[in-house]
Amino acid sequence: MLDQHTDLKSLLKDPSLLVEAAYLGGEWVQGDEGTFDVTNPARGDVIAKVADLSREQIAEAIDKAYVAQKDWASWTGKERAAVLRKWFDLMMENQDDLGTILTAEQGKPLAEAKGEIAYGASFIEFFGEEAKRIYGETIPGHQRDKRIMVMKQPIGVAASITPWNFPNAMITRKAAPALAAGCSFVGRPAKETPLSALVMGVLAERAGIPKGVFSIVTSSRSSDAGKEFCENPKVRKLTFTGSTEVGRILLKQAADQVMKCSMELGGNAPFIVFDDADLDAAVDGAIMCKFRNNGQTCVCANRIYVQAGVYDEFAKRLKAKVEKMKVGDGLAEGTDLGPLINADAIDKVQEHIADAKAKGAKVILGDGQPMEGAGHYLPPTILTGVTQDMQVARDETFGPMAPLFKFDDVDDVIAMANDTIFGLASYFYAKDLSRVYKVAEALEYGIVGVNTGIISTEVAPFGGVKQSGLGREGSHHGIEDYLEMKYVCMSV
Ligand SMILES: NC(=O)C1=CN([C@@H]2O[C@H](COP(=O)(O)OP(=O)(O)OC[C@H]3O[C@@H](n4cnc5c(N)ncnc54)[C@H](OP(=O)(O)O)[C@@H]3O)[C@@H](O)[C@H]2O)C=CC1
Ligand SMILES: O=C(O)[C@H](O)CS(=O)(=O)O
């Protein structure tokens, strides 16, 4: 455990994995703007002072990525695959240390953090294999003397901005397809969680990824990085994961250069339990879906709709299991729910609870009050009698609050579930096959979980519709966003 006498390096098998310098063009550099603090959300202690790069230094990383990308693209897919496989192997060999670093800066329980490392590594493994399968095509000519060929080529320098909630996997879900395609990559991690990104630089170096192909530019001023990424003509791809609000800002900024953008934005996931559901499975699924990363994921159940006939029993069984969940330091044995990332996150959950109670909702578990002492600990809350007019029906809570809505009719619940600007993940539990097909087709979301609350995998296309984003990450589709298609027409 971290405390005033134990620092993070002392918890690591390989302390050299913990770095505070930025990884710029294959060199470890200090920030021209000094350093910024990284704090442990479980205790509030400063655990690192990380290089704070200037916008000029970020531009330098882009310059180096631009030069390095030419040679990297000339490697065969098989050669790139070998280096990516080594990167994957190094992640898994150091999974314990990477998990400890991740929990220290983000807060999630160590088992979840190690799970994220394996999840993050799976993208590198998967796209390393895809590097060998970037196929073009020939098309029968439109005239007797014409031959048509289509080739796929890397788009160039890819710039990445990622959030604090999955500080490893959100980077690898972008860097893996980018490097597999022959692009170079400049990543700017959230200021709250830069250490997990920097350790990927250490492992990239050890894996033999050429200097400049992969850079991590740490900075405390996110808008500076965003503007440099959007305005620098050497950047041809912007990939972002975060809130819809920031996604809009970046899309507007990127429009001036007509830049290719991938956007993984906010969610407002409905979780629907029909009266023919396996109720115990639905309760377990709701817990995993709602409380993964303490509710701080864009695909967490944000609204739980339960059909009237099973509403009371579902609420009773949900409460009985949630009240046994242990809230505590993510590095402590047996912790189920770690701290939230910061005080603002607690404020947002409390705001949703207060608004719902003011409009008639009832609290059946928790009181929305943070635990005493240091760290951002908020015990889980369950509300019943929640209705569509409440804030939680419109906005993402992003924390440990489960709002239960009651419904009667399938058409009503589909209308309520779809009544949002978001369209990322959705879930429902039912057994009737006809109902399963109809509901899966009717939900306006990029992802539908049927009788499961966990849908995250590298082999499937992850992404949203409406204002939850643009593009897909993961699956064989995921590499397309880092490729340009060239049509060659030959007169013979
Ligand atoms: N669809 C998805 O896969 C995901 C969506 N999200 C959504 O993001 C929100 C929570 O994550 P959170 O990190 O707070 O989201 P934010 O959108 O606030 O931040 C995401 C990243 O963008 C950076 N950023 C913030 N403002 C700007 C700007 N003007 N220009 C460039 N970069 C900027 C942040 O930097 P810094 O933190 O240093 O300020 C951070 O690195 C929720 O709405 C959640 O649903 C989160 C994760 C995944
Ligand atoms: O940032 C997130 O919330 C992730 O996209 C969710 S997942 O891919 O890890 O499920």
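Criteria and thresholds
- Residues take numbers from 1 onward in each chain, read along the sequence in its written order.
- Here chains are named by letter from A upward and ligands by number from 1 upward, in the order in which they appear as written.
- This being a predicted model, a pLDDT of at least 70 is required before a residue's local features are given, and a value of 80 or more before pairs of side-chain atoms are given or counted; all residues contribute to the totals for chains, interfaces and linings.
- Note that water and hydrogens are dropped before the side-chain values are worked out from all heavy atoms of the structure.
- By convention in these notes, a salt bridge is any Lys or Arg side-chain nitrogen within 4 Å of a carboxyl oxygen on Asp or Glu.
- Working definition: helices are DSSP H or I runs of at least four residues, strands are E runs of at least two. Numbering for both runs from the N terminus.
- One less than the residue count of a helix, multiplied by 1.5 Å, gives the span that helix is expected to have.
- Throughout this description, buried means an accessible area under 20% of the type-specific maximum (1.4 Å probe, protein chains only), exposed means over 50%, and partly exposed covers the range between.
- The contact definition used throughout considers only heavy atoms, calling two residues in contact when any of these lie within 4.5 Å.
- When we say a residue is near a molecule or strand, we mean one of its heavy atoms is within 4 Å of it.
- Between N or O atoms, a polar contact is any pair within 3.5 Å; within protein, one atom must be a potential hydrogen donor and the other a potential acceptor, and residues adjacent in sequence are included only when both atoms are from side chains.
- Note on areas: these come from Shrake-Rupley sampling with a 1.4 Å probe, and a residue is covered only by the protein chains present in the view.
- A pocket here means an open set of points on a 1 Å grid, computed over the protein atoms alone, that has protein on both sides within 12 Å along at least five of seven lines. A cavity is instead a set of points where a 1.4 Å probe fits but cannot get out; residues with an atom within 4 Å of a point line either one.
- More than half of a molecule's atoms lying within 2 Å of a cavity's or pocket's grid points is what places that molecule inside it.
- The split into domains, and so the bounds of each, comes from an automatic or database assignment of domains.
- As a working definition, buried area equals the accessible area (1.4 Å probe) given up by two parts on being put together, with both sides summed.
- Gly counts as polar in this scheme, as do all residues outside two lists: the nonpolar Ala, Val, Leu, Ile, Met, Phe, Trp, Tyr, Cys and Pro, and the charged Asp, Glu, Lys and Arg.
- Joining through side-chain atoms within 4.5 Å is the link that ties buried Ala, Val, Leu, Ile, Met, Phe, Trp, Tyr and Cys residues into a set, and such a set is a nonpolar core.
- Any two strands with at least two DSSP bridges between them are considered paired.
- The axes used here are C-alpha line fits, helices contributing only the stretch in contact, and every angle between their N-to-C directions lies in the interval 0 to 180 degrees.

**Thoughts on the pattern of salt bridges**
- This model, assessed by the stated rule, comprises 28 salt bridges.
- Its salt-bridge partner being Lys234, residue Asp63 comes within 2.9 Å of it at the nearest N-O pair. A residue pair is termed long-range when its members are at least 10 positions apart, and Asp63 in helix α1 (residues 55–74) and Lys234 in the loop between α7 (222–231) and β10 (235–241) qualify at 171 residues.
- The network of salt bridges with common partners includes Asp280, Glu313, Lys316 and Arg317.

**Considering helix α3 (residues 95–106)**
- With 12 residues, α3 extends 16 Å between its outermost C-alpha atoms, agreeing within 8% with the 16 Å of an ideal straight helix rising 1.5 Å per residue.
- Within α3, 11 of the 12 residues are buried, which leaves it mostly tucked inside the rest of the structure.
- Buried residues belonging to α3 abut β3 (35–39), β4 (46–51), α2 (77–93), α4 (110–130) and α6 (195–207).
- Looking one or two residues past α3, Gly107 carries a phi angle of roughly 105°, positive in sign.

**Considerations on the site of ligand 1**
- As a matter of local geometry, ligand 1 sits amid 28 residues, with Thr162, Arg188, Ser243, Leu265 and Glu396 nearest to it.
- Between ligand 1 and Thr162, the relevant distance is 2.7 Å, taken from an oxygen atom to a main-chain nitrogen or oxygen of the residue.
- Glu396 places a polar side-chain atom, nitrogen or oxygen, 2.3 Å from an oxygen atom of ligand 1.
- Isolated, ligand 1 exposes 890 Å² of accessible area, and the fraction of that covered by the protein chains is 87%.
- Among the cavities detected, the one that contains ligand 1 is the largest pocket.
- Counting only elements with at least two residues in the shell around ligand 1, the list comes to α7, β10 and α8 (244–255).
- With three residues, the single largest contributor to the shell around ligand 1 is α7.

**Examining the domain arrangement of the protein chain**
- Partitioning the protein chain into structural domains gives domain 1 (8–265 + 468–490) and domain 2 (270–450).
- The partner domain 2 presents 26 residues to the 25 residues of domain 1 that form the contact.
- The contact between domain 1 and domain 2 buries some 1,900 Å² in all, and 58% of this surface belongs to carbon and sulfur atoms.
- Remark: the boundary between domain 1 and domain 2 carries zero salt bridges.
- Remark: the boundary between domain 1 and domain 2 carries nine residue pairs in polar contact (both at pLDDT 80 or more).
- When contributions to the side of domain 1 that touches domain 2 are tallied by element, the ones reaching two or more residues are α3, α4 and α8.
- Ranked by the residues each element gives to the side of domain 1 that touches domain 2, the list is headed by α3, at four residues.
- Each residue belonging to the side of domain 1 that touches domain 2 can be placed in one class, and the counts come to nine nonpolar, eight polar and eight charged.

**What about the nonpolar core?**
- Within the largest apolar cluster, 65 residues are counted, with the highest numbers of intra-cluster contacts made by Trp87, Leu179, Leu195 and Phe214.
- Not counting residues up to four positions away in its chain, the partners in contact with Leu195 are Leu8, Leu18, Val19, Val38, Ile47, Ala48, Val50, Ile101 and Glu105.
- In terms of nonpolar packing, the next biggest core, distinct from the first, is built from 38 residues, Ile287, Phe314, Val322 and Val327 among them.

**Examining the sheet that holds strand β6 (residues 146–154)**
- A sheet is described by the order of its strands in space; here three strands give the open sequence β5-β6-β20, paired in antiparallel fashion. Single-partner strands in this sheet number two, and they are β5 (137–139) and β20 (483–491). With direction set aside, neighbouring strand axes in the sheet form an average angle of 25°.
- Looking at chain direction, β5 and β6 are connected through three bridges and run antiparallel. Paired with Glu137 across the strands is Val150, a residue of β6.

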